[in-house]
Every structure is written in C-alpha cells, then in structure tokens.
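Chain and residue survey
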Amino acid sequence: MVDDLKIGVVGCAGRMGQMVIRQITETEGCVVAGGTEPAGNAAVGVDLGVLAGLDPLGVAATDDPAAMIAAVDAVIDFTIPAATAEHARLAAQAEAVLVAGTTGLDAEQEDAVTRAARHVPVIRAPNFSIGVTLLLALTEQVAGILGPDYDIEIVEMHHRHKVDAPSGTAIGLGEAAAAGRGVALEAVKKSGRDGHTGARAAGEIGFATLRGGDVVGDHTVVFAGDGERLELTHKAASRQVFAAAAVRAALW
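Criteria and cut-off values
Residues numbered from 1 in each chain as written. Predicted model: local features only at pLDDT ≥ 70, side-chain atom pairs only at ≥ 80, totals over all residues. Heavy atoms only, no water. Pairing = 2+ DSSP bridges. Helix = DSSP H or I, 4+ residues; strand = E, 2+ residues; numbered from the N terminus. Axes fitted to C-alpha atoms, helices over the stretch in contact; angles between N-to-C directions. Contact = heavy atoms within 4.5 Å. Buried < 20%, exposed > 50% of the residue type's maximum accessible area, 1.4 Å probe, protein only. Disulfide = S-S within 2.5 Å. Parallel < 35°, antiparallel > 145°, perpendicular 65-115°, else oblique. Left-handed = near helix turned anticlockwise from the far one by under 90°. Nonpolar A, V, L, I, M, F, W, Y, C, P; charged D, E, K, R; others polar. Phe/Tyr/Trp six-rings, centres within 6.5 Å; stacked < 30°, edge-to-face > 60°. Lys NZ or Arg CZ within 6 Å of the ring centre and 35° of its normal.

1. A few points about the sheet that holds strand β8 (residues 205-211)
- The mixed open sheet is built from five strands, whose spatial order is β7-β8-β6-β9-β10. Looking at the sheet topology across the chains shown, the edges are occupied by β7 (189-191) and β10 (228-236). Looking at each pair of strands side by side, their axes are set apart by 15 degrees on average, direction ignored.
- Alignment of strand β6 (residues 151-158) against β8, held across seven bridges, turns out to be parallel. Opposite H158, over in β8, you have R211 as the bridge partner.
- Against the sheet, helix α7 (residues 168-181) engages β6, β7, β8 and β9 (217-225), with an angle of about 165 degrees to β6.

2. Topic: the sheet that holds strand β2 (residues 30-36)
- On the basis of which strands lie adjacent, the open sheet formed by five strands has the order β2-β1-β3-β4-β5 and parallel pairing. In this open sheet, the two edge strands, each paired with only one partner strand, are β2 and β5 (122-124). With direction set aside, neighbouring strand axes in the sheet form an average angle of 20 degrees.
- Where strand β4 (residues 97-100) and β5 come together, three bridges link them in parallel fashion. Considered in β5, the bridge of A100 is made with R124.
- Strand contacts of helix α4 (residues 81-94): β1 (5-10), β3 (74-77) and β4, with the helix running at about 175 degrees to β3, the strand carrying the most contacts.

3. Things to note about the pairing of β6
- Pairing geometry for β6 and β9, over seven bridges, is antiparallel. Its bridge partner lying in β9, I154 is registered against V221.

4. Some details on the side chain of S129
- For S129, the position within the fold is in the loop between β5 and α6 (130-146).
- Taking relative accessible area as the criterion, S129 reaches 4% and is therefore assigned buried.
- Not counting the four nearest positions on each side in its chain, S129 is found in contact with H234, V241 and F242.

5. Brief notes about the state of the cysteines
- In total, this model carries zero disulfides according to the counting rule given.
- Among the cysteines around C12, which has no disulfide bond, C30 carries the closest sulfur, lying 16 Å off.
- With relative accessibility at 0%, the residue C12 sits in the buried group.
- Judged by relative accessible area, which is 6%, C30 ranks as buried.

6. Quick word on the packing of helix α1 (residues 15-26) against helix α9 (residues 240-251)
- Where α1 contacts α9, the axes come no closer than 9 Å and their chain directions differ by 55 degrees. Considering their axes alone, α1 and α9 lie oblique with respect to each other. Judged by the twist between their axes, the crossing of α1 over α9 is right-handed. Of the residues in α9, those touching α1 at M16, M19, V20, Q23 and I24 are Q240, F242, A243, A244 and V247.
- Classifying every residue of the contact of α1 with α9 gives eight nonpolar, two polar and no charged.

7. Description of the packing of aromatic side chains
- Counted by the stated rule, this structure contains one aromatic pair.
- Taking 5.8 Å as the distance between ring centres and 65 degrees as the angle between the ring planes, the aromatic pair formed by F78 and F128 counts as edge-to-face. A residue pair is termed long-range when its members are at least 10 positions apart, and F78 in the loop between β3 and α4 and F128 in the loop between β5 and α6 qualify at 50 residues.
- Of note, K189 hangs over the ring of F207, and the distance from its end group to the ring centre comes to 5.8 Å.

Below, the structure is given as structure tokens:
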C-alpha cells in the first residue's frame, strides 16, 4: 500500500492557500500535512481545516517554513517572489517537491528557483489552468503562421489586489508569441503606452494591464491585421482550476 503524499501549503491563509487546502482534501492520494504564514499572522496556530472553512484537520498553521517543508513530501507555493525564492532553497535542502505558481520574480529570485531544480523536482508555471496551457501553444502557432504583418497586443485583467504587472501569464503569452516569430520578447516588448507615443513600431508585442474588482484572470491575445482581427481569449472564473492543477502536479 502506497502512503498518501504529504503536501504542505505556504501562505495557507491566503485566497489561493485556502483553495489549495480544500483541493488537497478532495483529491485521492494526498493529505494536508502542514501550512505556514509569517510570524505575527493571525492564522498561526489555527487548524488548517478551519482556515479553509472545513472541519478541523488536526494540523495547525505555523510560522516556521523550514520545519514544515522538512516534514512534507511536496510544498505548494502561491505567495510572493521573495518568499518563493526562500521556499525553493528550503525545498532543495529538505528534498521536497516544489510546485510554484508565484509570478513577478526578479532575476535573482528566478536563479534561486533554478538552483533548487538541480536538486529536487520543481514545477513552475505562470498559470496552472489547462486552458491557458493550450492558449500558450495556440499563441505561438498563430504568431508563426500570421507573421509580422499582424500586430500583436496582449490584454490582461486581474483583481484589484494583484501587485505585479503585466501578469506572469501575459508575459508567458508574450514569450510564446515571440517564439512563434523567432525573436526574443525583450527585444520587441512594449509594456504600456502614455502620451504622444508616435506610430506603433513594426514587430512590437504590446501589453495592456487592467486591474479592478475580483477578476480572477482574463487574458486576450490580439492579432490585428489590415481589414481583420483575430483574438484568442481565456477567462478564469475560479481559482479552483489553479488549485486543482497544482495538486495534480504535486502528485505527478
């Protein structure tokens, strides 16, 4: 008999953390084995089931990520860039799988995750939904087929609390479009326009960022040509799709 996979959740009291806890309890083959929040957070000491709106699970949130990660098989992280970089280091030390959906990491933080991946399985994605995975592939394919005669603009909207822009998913879509054209995104990226900008430069991949309300995540890739426009759109209605995929990734 194979033991259930012990999964820890960092940022366990946040919106995604709570959703991940609920998803783990609903998924065969895994159990909630730990959760953390920073010292001083009101969730520390509270049962993880209670935090997620469930019956008690007999496991309380702690403020010690090193100890928690050392006691689990896998850790799921939808937190903030600095925390994810540290959790990657701790996962490598503890030989725990890391599943991370955090976006907005800088070069040094990305390097910390890359170093961890030399020692333990690390699964990273700017968006864990199946639909966005398909959208990335379609964007690359369409960009390659239509070529430079079609201008590419990527429009994304998220809830008012999101702190990084453009979203990690939007950047991923931009990278897919650039790959389809055989160029590096940084060479053609145009993030936001204001004032007298002049005409649009040929080959640009533009980004527009919208923030407001409780929008989980909307992304549209616009291919605008002379006389016609093609739009590829994905809209997430619930964070549950991200949580479910993250748990599946940990099991895989």
